[in-house]
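Listed below, chain by chain, are the residues.
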Amino acid sequence: MGVALTRSVQWSAAGYGTRTLEITPLNEAILKEIIVFVASFIYKHPQEAKYVFVEPLEWKTNLDPSAFESGYVVSETTVKSEEVDKDGQPLLSVSVPHIRVRSFGQLSRLLLTAKDMKLKEAQACIEANRDPVTKILGLDYNTMKEDTSVVNILDKITKDEDPESEIKMKLGMLLKQLDLHLLNHSLKHISLEIRLNPTIVKNDIELLKHFSGNGEQTVLESIDYTSDYEFSNGCRAPPWRQIHGEICYVLVKPHDVETLCITCSAEGVFLNGGKTDDEGEINYERKSEIYKDLVTFLKERSAKFSENMSKQEVRFSGEWKKREALKEAPKKEEAAALQKALPASGKSVLEKNYINLGKSQMTKRLQPSLNWKATFDFKEHKSLLRDTQEEKHGGRLERSGPPVSPRRSQLVRKSAEKIEEIISESSSESEEDEEPPDHYQEANAGLPSEYWQIQKLVKYLKGGNQTATVIALCSMQDFNLAQETCQLAIRDVGGLEVLINLLDTDEVKCKIGSLKILKEISHNPQIRRNIVDLGGLPIMVNILDSPHKSLKCLAAETIANVAKFRRARRAVRRHGGITKLVALLDCAQNSGEPAQSSLYDARDVEVARCGALALWSCSKSYENKEAIRKAGGIPLLAGLLKTSHENMLIPVVGTLQECASEESYRTAIKAERIIENLVKNLNSENEQLQEHCAMAIYQCAEDKETRDLVRLHGGLKPLASLLNNTDNKERLAAVTGAIWKCSISKENVTKFREYKAIETLVGLLTDQPEEVLVNVVGALGECCQEYENRVLVRKCGGIQPLVNLLIGINQTLLVNVTKAVGACALEPESMMIIDRLDGVRLLWSLLKNPHPDVKASAAWALCPCIQNAKDAGEMVRSFVGGLELVVNLLRSDNKEVLASVCAAITNIAKDQENLAVITDHGVVPLLSKLANTNNDKLRRHLAEAISRCCMWGRNRAAFGEYKAVAPLVRYLKSNDTSVHQATAQALYQLSEDADNCIIMHENGAVKLLLDMVGSPDQDLQEAAAGCIYNIRKLALATEKARYT
Amino acid sequence: MNRKKLQKLTDTLTKNCKHFNKFEVNCLINLFYNLVGEVTERQGITIGLDRNAFRNILHMTFGMTDDMIMDRVFRGFDKDNDGYVNISEWIYGLSVFLRGTLEEKMKYCFEVFDLNGDGFISKEEMFHMLKNSLLKQPSEEDPDEGIKDLVEITLKKMDHDHDGKLSFTDYEQAVREETLLLEAFGPCLPDPKNHPQLFHSHPRADGNSHLVWPRKDGNCI
C-alpha cells in the first residue's frame, strides 16, 4: 500500500506539518478498500495476523476505552490487550487519546470495535503513519517493493531460514497485493474524472457570455471573471493558488439563483466561499462537490439555466464541437509525452513521476494519476459530452470514440493489463481490413436541421410507449435516409442503440418500423459496422424465425445490407443465420398462398426473395458458401430459378454465381440442372440478370460437361448476341468471360463462328477495360486453335491489336495474349504480320516477366513463331542475350516453365549456329540435370530437346557424361505414348555414341525398345529400331574385336 | 334457446358475415351466450354484453389496456348505441376485428379514433389519445410539450390536405402508404403477437382448416 499511499491518495496541501487527507471520493474509496483488507485479515490469514510489527502504529484515536470489550484490560483512560508478544508487551495499548497497535490481528479487531468510526480511525492511522509498511516490516523489507522480481523474494526466503522472516515475507507480499489493488482501484476512479485546462474554461466562459444578458431567453443574467488580469499561461488565479491547479474564479448570476462564486480548477468546477465584502478577497475553500465542467455545474444549480440551455442547444452545439477539438489537442501532447514515459510497466511511470514529485512536490502534485487519465480517458470525453447534450446515458462510452491509433493502443496495452480491459475494444477493430475508418463529423461543421429533428424523434423512441414509438418511427422514415447526414445523425444521437433494442421487444409493429429504418441506413458502411458492434446481427437472425413474414423479409433485407463485410458475415454464420436464411428460400416452394394473410404480412415469394438477397451478401465468404450448401441451399436456389420474377432471379443467380467458385457447387449446379435456367435467363431483358447469369456460366464452364450443356440448351447464341452491346462493361466482361470458357470446347467454337462472334470479339480488342480484354483475348486464344479461325482473325485485322497488347502489365492478360499470339503464329501468313510488328521480340522480352505463368506462356508462344518465321535462325540471333536468357530459364523450378523452355530450345536448336551458341551457354548439363522427373509433359519436351541438341559437336557423349541417359531409358516405362516417341528419338540420337549404348543396355533399354518396335506409330517404330540397331551393332563389333 | 332457433340464427348471421364460416359463427354464438350467461330471452329485453363485460373481454382476451381506447372499441361494436353489444353486433364486430380487410379495419379504426364522431380526428383528440404515450422527462418543464410535439409530428405525417385535422381521406392515404399507421393513436385491434383461440378445435369436415383461427397457445375464453 506504500506506493498507493504516497502517490494516489490526495493529501491536502494545507500545511507542512502533519498533513491531513482531503475528503475526496478517491480517498474515501481507497480508505474503504484498506478497511476491507484489514478487517478481513484476521480470518483470511490467521497466521500472519499474529505477526508483531517492527514498530507500533501510533495515532490519536477518538475511540472511548469503554468501547473495548472482551480480550482487553480496560481502565478509565487506558486499555491493554490480553494478547501479548514474546516479551509480554500488549499488542494493543491505549492511553487516551494515543493508541499503539502492533499486529494485524489487533488492527482487525480494532476496526470491528470501531464500528461506524472505522473510516475516521483508518484515516487518522494513515495520516499519522505516512509509511505504514516500513513500520510493519522494518526498513529493509520496505525496499522490496521497489524491485518487483520474484527471484529477489525467493532469494531472501532461502537466505534466512527462520519462520518469522517467512511470515514477514508473506506479509510483504500480501501488502504488495493490496498496494496493486489500491492502485488499480484508484485508477478506475481517476479515469472517471475530467481534467480541465485554461483554454477549455476560457472557451466555456466566453460561450456562456454570448448567451447571457437580460431577458427570458438567455441562459444566465451575467457571468464575469473576478480578475481582469490574465497570466501568460491563460490562468487568472493568483500564482499561489495556481499551484493548487486553480485556473480562475467567476461570478455567475443565473436567473433563478443568487450570485455564485465559482472556482474553475484543473480537477473541475466547484463553488467556493465567495467574495468577502470588505476587501474583495475570495474565500478559496471548497463548498460544493466538484463538477466536471461549468455547464454541468450550472445545470445542477439553476433549473432556468438547464432549460434555456436545451433551447440554445442548436446554436451552442457547433461551438461545442470546437471545444471538443480543443480539448483533444492538449491530450495528444500529453499522450505523446506519455509514450516516452511508458516503458514496460505502469509502475515505472509512477516511479518516474515520483522523481518529479521530489523535485517540485507542490506543483507536480498528483501528476502521475493525471497522466494516466490522459490516455484512456480520452475517448470517453466525447461521449460524455454528447451525453450531456441529450441528457441520457446511452451506455456507449467506449464505442463511440474515435479509433485509437494502433501504435498508441499497443503502447498502452503493454503498459498495464488492467488498463487494456478498458480500451481493448477499440484496438480489436483495426484487424478488419475491409472496413473503412470511422469518420466523425468535422469538429465545427454546421449541423443540418435534420440532425435536431432526428434527435427529437430518437428521444420519443426512447421515452415513448408503443404508440408514440410507432409514430416516431414512421416520421423518421420521411427523412431522406439514403443521405449520409441523416444516417450518421441517427447514430450520433444514440438512435442505433434504440432501434436495435426495439428489435428485442415483442412489439411487432415497433420491430417492423425499426427494421424499415435500419434497412435503409445500413447502406452506409459505417452504420453497418456500428450495427455489428452493437450486437444487432444475432437479434436480426433470431427475427428470421418469427411467424410474421414481413418481419422475416425486413430482417433478411437488413442482413443483406449489413453482411457486406467479413466480420458481419461471420457473425451471421456463427449465430445460425445461414440455416435460417436458407429456410426462407423454402417458403415459396409451397405455393399455396393462404387466402387471407394477416395485416402486416408479406407474400411468400417476397420472403424467399429477401432470403436470397441476404444469402447473396453472405455468400462472399468461403465458410458461408459451405454453410449454404450444407443447409441444403442449392436445390432450393435451383427451384427458385424456375420462377420468372426478375427481382427474385437476380439475388438467386447472384448467390449461385458467387458460390460457383467452389468445386462442390459446380458439381451441384450441373446435377441440379441449373445451367438450363441460367441459359434461359440470358434471354431476359434485365441487364443485371444477364450479367449474373453470364458470370455464373463463366464460373461453371471450366467443366467440359457444363460447356456442352450450355450449347445443348442454346446458350451460345444469346451470349454471342450480347457481345454487340458494349455499353454495360460489367455485363460485357461477364459475357466475354462466359464465351472464353465455353470456347474451350471445339463444338462451341464452331457455333460461335456460325454466330459471327469471332469477328465481334476482334472488334472488342481495342478501347475496352482490362477485365473485358482478358476474356476477349482468352476467347480468341481458344478460337485460334482452329485453322479457319486463325485466318478469320487475320482477315479481321486482329493480329495488330493482339501484338499491341503484348506490352501490358496485367498478368492474366499477358498469359492470354501470348497464348493467342502463339496460336496465330501457327499460320505462316499471320506469322509474317507478327514478325513485321516485331511481335517475336516482344514475346521474347516477356521471358523476363517475374510471373512464371507469363514466362511459360511466352515460351510456348515462341515455338510456333520460330517454326514459321522466315530466317528464324537469323531472327533469334538478332535478340542480344536472348539465347543465354532462354538457357538460363532451365534453372527455373516451375515445371510448366521448364517444359515450355525445353520446347523452345527444341525449336531454337533446329538452327545449327544457334545450337552451337546454346551449347556454349551450357545447355547440355542443364538439360541433363532435369532428366530425373516424373512429369510427363516435361519428359516429352525434355527428350525432344535432348534429341535436338545431340546434333552438335560432342554433345551426345556429353549427355552420357552428365548422366542423362539412364533416366531417359526409364521414360520408356511411362504411360504417355508421346513421351515414348520423343524418348525413342532421343535414345536413337544418343545411341550414336558407344558409351551411351552401354549405359542403355545396362539399364534394360533393349527389351523396352523391342516393345516399342511393335507400336503402330511409325516414327516411334523407326526410332526404336534405329536405337536397337546401334546397340546391336556395338555388341557385334565388340564380339568381333574379342575374337580377332 | 332451442336447437332450431339456434340453427336459424346461425344461418342468418353466416349469410350476413363474409369473414366467418358457419362453424365459426356457431362457435362465436356459443361463446356469446356463455359470456352473457343464462338469461332467458324475453320480449323487450335486449340480451347483450354491457360495457364492463365487453371491456373485460378486450382486456383478458386481447390484452388491451388503454381505458379510453377500450371504451371507443365498445362504441365501435355497439352499432345501435344502446349500451349493449348484441349477438349480431358481436359477430359483425368480431369479423372486422379479427378478419377485416384493410378497408374495413381503416374504417373501424378511424371510428375508434374519432372521439366525438364528427368525421375528423382533431388535434385535441390526438392530444387526448396520446397524452400517456411519453414517459415524463424530469428535465422538462412542461410534460405536455412532448405530446404536443408528437401531435404535430403525426399531423405532418398524415394530414395531407394541411387543414390541421385528419379526415378519413387523410387517414386512409397515410395508412395505405404505411400500414403501421393503422393504429396510429393506440392499439385498437388484436395484437398480432397473441392469437387467442376463439374457435374450438373440432376437426373440420370440409377441410378448410386454414380458415380457423391459428391454433397457437393462447388464452381460450
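Residues numbered from 1 in each chain as written. Chains lettered and ligands numbered in written order. Predicted model: local features only at pLDDT ≥ 70, side-chain atom pairs only at ≥ 80, totals over all residues. Heavy atoms only, no water.

An unreviewed UniProt entry annotates chain B as EF-hand calcium-binding domain-containing protein 1 isoform X1 originating from Zalophus californianus.

As recorded in an unreviewed UniProt entry, chain A goes by the name Armadillo repeat-containing protein 4 isoform X1, listed as coming from Zalophus californianus.

In terms of helices and strands, chain A carries 60 helices and 10 strands. Considering only contacts in chain A between residues 6 or more positions apart, those separated by 24 or more positions represent 69%. With the model as given, the accessible surface of chain A reaches about 46,000 Å², and the carbon-plus-sulfur share is 50%. (Helix = DSSP H or I, 4+ residues; strand = E, 2+ residues; numbered from the N terminus. Contact = heavy atoms within 4.5 Å. Areas by Shrake-Rupley, 256 points an atom, 1.4 Å probe, with all protein chains shown as cover.)

With that settled, the discussion passes to empty space enclosed by the protein. All names here are of chain A. What the rule picks out here adds up to 11 cavities of 30 Å³ or more. A volume near 180 Å³ is recorded for the largest cavity. In terms of lining, the largest cavity is formed by 16 residues, of which the most central are Ile34, Val38, Leu107, Cys125 and Ile126. Grouping the constituent residues of the lining of the largest cavity by class yields 15 nonpolar, no polar and 1 charged. (1 Å grid on protein atoms, 1.4 Å probe; cavity = no way out; pocket = protein on both sides within 12 Å on 5 of 7 lines; lining within 4 Å. Points joined across faces, edges and corners; volume = space filled by probe spheres on them. Nonpolar A, V, L, I, M, F, W, Y, C, P; charged D, E, K, R; others polar.)

A few words now on helix α1 (residues 3-16) of chain B. The first and last C-alpha atoms of α1(B) sit 20 Å apart over 14 residues, in line with the 20 Å expected at 1.5 Å per residue. Against the buried residues of α1(B) lie α2 (22-36) and α5 (87-99) of chain B. (Expected span 1.5 Å × (residues − 1).)

Residue and element names in this part refer to chain A. Here 5 strands make up an open sheet; going across it, the order is β6-β7-β8-β9-β10 and the pairing antiparallel. Either end of the sheet is taken by a strand with one partner, and the two such strands are β6 (222-225) and β10 (282-286). On average, each strand axis in the sheet is tilted by 35° relative to the strand beside it, whichever way the strands run. Note: strand β9 (residues 268-275) against β10, 3 bridges, orientation antiparallel. The residue bridging Gly274 from the neighbouring strand is Asn283, located in β10. Across the face of the sheet, helix α11 (residues 198-210) comes into contact with β6, β7 (246-253) and β8 (260-265) while running at roughly 145° to β6. Strands in contact with helix α13 (residues 294-301) are β6, β7, β8 and β9; relative to β8, the strand with the most contacts, it is inclined by about 150°. (Pairing = 2+ DSSP bridges. Axes fitted to C-alpha atoms, helices over the stretch in contact; angles between N-to-C directions.)

This part covers the UniProt feature "domain: EF-hand" (unreviewed entry) in chain B. Residue and element names in this part refer to chain B. According to UniProt, the "domain: EF-hand" (unreviewed entry) feature falls on residues 65-100, 101-136 and 146-181. Each end of residues 65-100 is marked by a C-alpha atom, and these two atoms are 22 Å apart; helix forms 67% of the span and strand 6%. Between the first and last C-alpha atoms of residues 146-181 the distance is 19 Å; the span itself is 64% helix and 6% strand. (UniProt positions renumbered as here; feature names shortened; annotations may be inferred.)

Here, the residues flagged by UniProt with the feature "coiled-coil region" (unreviewed entry) are residues 668-695 of chain A. Here residues 668-695 of chain A is 79% helix and 0% strand, with 17 Å between the C-alpha atoms at its ends.

On to unusual backbone geometry. Residues and elements named next belong to chain A. Here Arg673, not a glycine, exhibits a phi torsion of approximately 55°, which is positive. Within the secondary structure layout, Arg673 lies in the loop between α34 (663-671) and α35 (674-682). A relative accessible area of 56% places Arg673 in the exposed class. Positive phi outside glycine occurs at Asp767, with the angle close to 60°. Counting through the fold element by element, Asp767 comes out in the loop between α41 (757-763) and α42 (770-783). (Buried < 20%, exposed > 50% of the residue type's maximum accessible area, 1.4 Å probe, protein only.)

All names here are of chain A. Tallying each qualifying case throughout the model produces 46 salt bridges over all chains. Glu662 is the partner of Lys625 in a salt bridge, and the nearest nitrogen-oxygen pair spans 4.0 Å. Residue Lys625 is located in helix α31 (residues 622-630), and its partner Glu662 is located in the loop between α33 (646-659) and α34; the two are separated by 37 residues in the primary sequence. Per residue, the accessibility class of Lys625 equals that of Glu662, and both read buried. Taking the shortest distance from any N to any O, the salt bridge between Lys937 and Glu896 comes out at 3.0 Å. Placement of Lys937 in helix α54 (residues 936-949) and of Glu896 in helix α51 (residues 895-908) is noted, with a sequence separation of 41 residues between them. The class of Lys937 is partly exposed, set by a relative accessible area of 39%. (Salt bridge = Lys/Arg side-chain N within 4 Å of Asp/Glu carboxyl O.)

Residues and elements named next belong to chain A. The tally for this structure, following the rule as stated, stands at 19 aromatic pairs over all chains. Seen in terms of ring centroids, Tyr698 and Trp740 are 6.5 Å apart; in terms of plane orientation they differ by 35°. Their pairing is tilted. Here Tyr698 is found in helix α36 (residues 687-700), whereas its partner Trp740 is found in helix α39 (residues 729-742), with 42 residues between them in sequence. The class for Tyr698 is partly exposed, based on a relative accessible area of 23%. Take Trp740: its relative accessible area is 11%, and that puts it in the buried class. (Phe/Tyr/Trp six-rings, centres within 6.5 Å; stacked < 30°, edge-to-face > 60°.)

Our focus in this paragraph is the packing of helix α24 (residues 508-521) of chain A against helix α27 (residues 549-562) of chain A. Residues and elements named next belong to chain A. Between α24 and α27, the least distance of the axes is 9 Å, while the angle of their chain directions is 25°. Considered as vectors, α24 and α27 are oriented roughly parallel to each other. Handedness of the α24/α27 crossing: left-handed. Within the contact between the two elements, α24 uses Val508, Lys511, Ile512, Leu515, Lys516, Leu518 and Lys519 and α27 uses Ser550, Leu551, Leu554, Ala555, Glu557, Thr558 and Asn561. Grouping the constituent residues of the contact of α24 with α27 by class yields 7 nonpolar, 3 polar and 4 charged. (Parallel < 35°, antiparallel > 145°, perpendicular 65-115°, else oblique. Left-handed = near helix turned anticlockwise from the far one by under 90°.)

Another aspect to go through is the side chain of A:Lys580. All names here are of chain A. Within the secondary structure, Lys580 is located in helix α29 (residues 577-585). One polar contact links Lys580 to Asp545, side chain to side chain, over a distance of 3.1 Å. Dropping the residues within four chain positions of it, Lys580 is found in contact with Val541, Asn542, Leu544 and Asp545. (Polar contact = N/O pair within 3.5 Å; in protein donor to acceptor, adjacent residues only side chain to side chain.)

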